[in-house]
Amino acid sequence: MYQVIGPAMSRTFRVIWAMEEMGLEYEHVATGFRSAELQAANPSAKAPVLGVDGQFISDSSAILQFLADRHDQLTYPAGTLDRAQQDSFLHFINDEIDGALWTLSKHTYALPKERHVAGIRPTLDWEYARSMDILEVRLGEKNYVMGDTFTVPDIILGHCLIWGISAKFPLPQPSLRAYVDRINARPAYQRA
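Residues numbered from 1 in each chain as written. Predicted model: local features only at pLDDT ≥ 70, side-chain atom pairs only at ≥ 80, totals over all residues. Heavy atoms only, no water.

(A) Main features of the overall build of the protein. Counting its regular elements, the protein contains 8 helices and 4 strands. Reading the protein from its N end, one meets helices and strands in the order β-α-β-α-β-β-α-α-α-α-α-α. Relative to a compact globule of 192 residues, whose C-alpha radius of gyration would be 16 Å, the protein shows 17 Å and is just as compact. Along the first, second and third principal axes, the C-alpha set of the protein runs to 45 × 45 × 30 Å. (Helix = DSSP H or I, 4+ residues; strand = E, 2+ residues; numbered from the N terminus. Rg over C-alpha atoms; globule rule 2.2 N^0.38 Å.)

(B) Spatial organisation of the packing of helix H5 (residues 121-139) against helix H6 (residues 152-166). Put simply, H5 and H6 touch, their axes get as near as 13 Å, and they point 140° apart. It follows that H5 is oblique to H6 by the angle criterion. When you trace H5 past H6, the crossing you get is left-handed. On H6, the residues touching Tyr128, Met132 and Leu135 of H5 are Leu157, Cys160, Leu161 and Gly164. Considered class by class, the residues forming the contact of H5 with H6 number 6 nonpolar, 1 polar and no charged. (Axes fitted to C-alpha atoms, helices over the stretch in contact; angles between N-to-C directions. Parallel < 35°, antiparallel > 145°, perpendicular 65-115°, else oblique. Left-handed = near helix turned anticlockwise from the far one by under 90°. Contact = heavy atoms within 4.5 Å. Nonpolar A, V, L, I, M, F, W, Y, C, P; charged D, E, K, R; others polar.)

(C) Structural context of the pairing of strand S3 (residues 49-52). By the alternation rule, side chains of S3 split into Val49 and Gly51 and Leu50 and Val52, which are all buried. The pairing of strand S1 (residues 2-5) with S3 spans 3 bridges and is antiparallel. Residue pairing in the sheet places Ile5 in a bridge with Val49 of S3. The pairing of S3 with strand S4 (residues 55-58) spans 4 bridges and is antiparallel. Its bridge partner lying in S4, Val52 is registered against Gln55. Counting the residues in the hairpin turn of S3 and S4 gives 2 residues, including Asp53, whose phi is positive at 50°. (Buried < 20%, exposed > 50% of the residue type's maximum accessible area, 1.4 Å probe, protein only. Pairing = 2+ DSSP bridges.)

(D) Layout of the environment of Met9. Residue position: Met9 is located in the loop between S1 and helix H1 (12-22). On a C-alpha basis, the gap between Met9 and Ala185 in space is 19 Å, while along the polypeptide they are 176 residues apart.

(E) Representation of the nonpolar core in the model. Within the largest apolar cluster, 52 residues are counted, with the highest numbers of intra-cluster contacts made by Leu67, Ile97, Leu135 and Leu161. For this core, the element with the most residues is helix H4 (residues 81-110), which contributes 8 residues. Those residues in contact with Leu135 that lie beyond four places of it in its chain are Phe89, Phe92, Ile97, Gly140, Leu157, Leu161 and Leu176. Core analysis: the next-biggest nonpolar cluster, separate from the first, contains 5 residues, Ile5, Ala41, Ala45 and Val49 among them. (Core = buried A, V, L, I, M, F, W, Y, C linked by side-chain atoms within 4.5 Å.)

(F) View of the sheet that holds strand S2 (residues 26-29). Pairing in this open sheet of 4 strands is mixed, and the strands run S2-S1-S3-S4 from one edge to the other. Only two strands of the sheet have a single partner each, and these edge strands are S2 and S4. Mean inter-strand twist for the sheet, computed between neighbouring axes without regard to direction, equals 25°. Contacting S1, S2 and S3, H1 runs over the sheet at an angle of about 150° to S1. Strands in contact with helix H3 (residues 60-71) are S1, S3 and S4; relative to S3, the strand with the most contacts, it is inclined by about 35°.

(G) Main features of the packing of aromatic side chains. Scanning the model with the defined rule gives 8 aromatic pairs in all. The interplanar angle of 45° and the centroid separation of 6.0 Å between the aromatic rings of Trp17 and Phe150 together place this pair among those described as tilted. Of this pair, Trp17 sits in helix H1 while Phe150 sits in the loop between H5 and H6, and the two are 133 residues apart along the sequence. The burial state of Trp17 is the same as that of Phe150; both residues are buried. On the basis of an interplanar angle of 85° and a centroid distance of 6.1 Å, the ring pair of Phe89 and Phe92 is categorised as edge-to-face. You can see Phe89 and its partner Phe92 sitting in helix H4, 3 residues apart, about one turn around the helix. Each member of the pair, Phe89 as well as Phe92, is classed as buried. Site record: aromatic cluster; members linked through ring pairs are Phe13, Trp17, Tyr144, Phe150, Tyr179 and Tyr189. (Phe/Tyr/Trp six-rings, centres within 6.5 Å; stacked < 30°, edge-to-face > 60°.)

Below, the structure written as structure tokens:
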């Protein structure tokens, strides 16, 4: 059985959601942010951490891709062009969308107050809006990142867009709002 370690109201949710999508058995070890339990599993004390076979894996993208590869779900085979496109989209999401969200979080609550950069929000608003314009083009009329097939990048993207909405980043594109609606309607998302 897998152990998913970390607070659910974090990137840990992505792992729980993936577990639900794949129908895998897991135990959620709910912790606080930067807790002793997290630090024991990951020296940076960042969530999520996946416990498997006596070892720990950190970083939600790495965990999701490991699980997808191991269980042959939510992914295309390594070495294929489809996998390259899937990975390309995943890196875009992490670099451009998750990066802006995490920067806002660091300068709102994650870093010590004396390390917060005042006035960073307008830059992040611009960066996020630019990323949404690019995302709208990349996603096009597809239901999911890879067309009709739901994959690992959809979990990361869905989580990021919902996080962005809660962080009060605008999402004016109707196609992206429809994508969020499709994500919210997924039974595994609702269970998670």
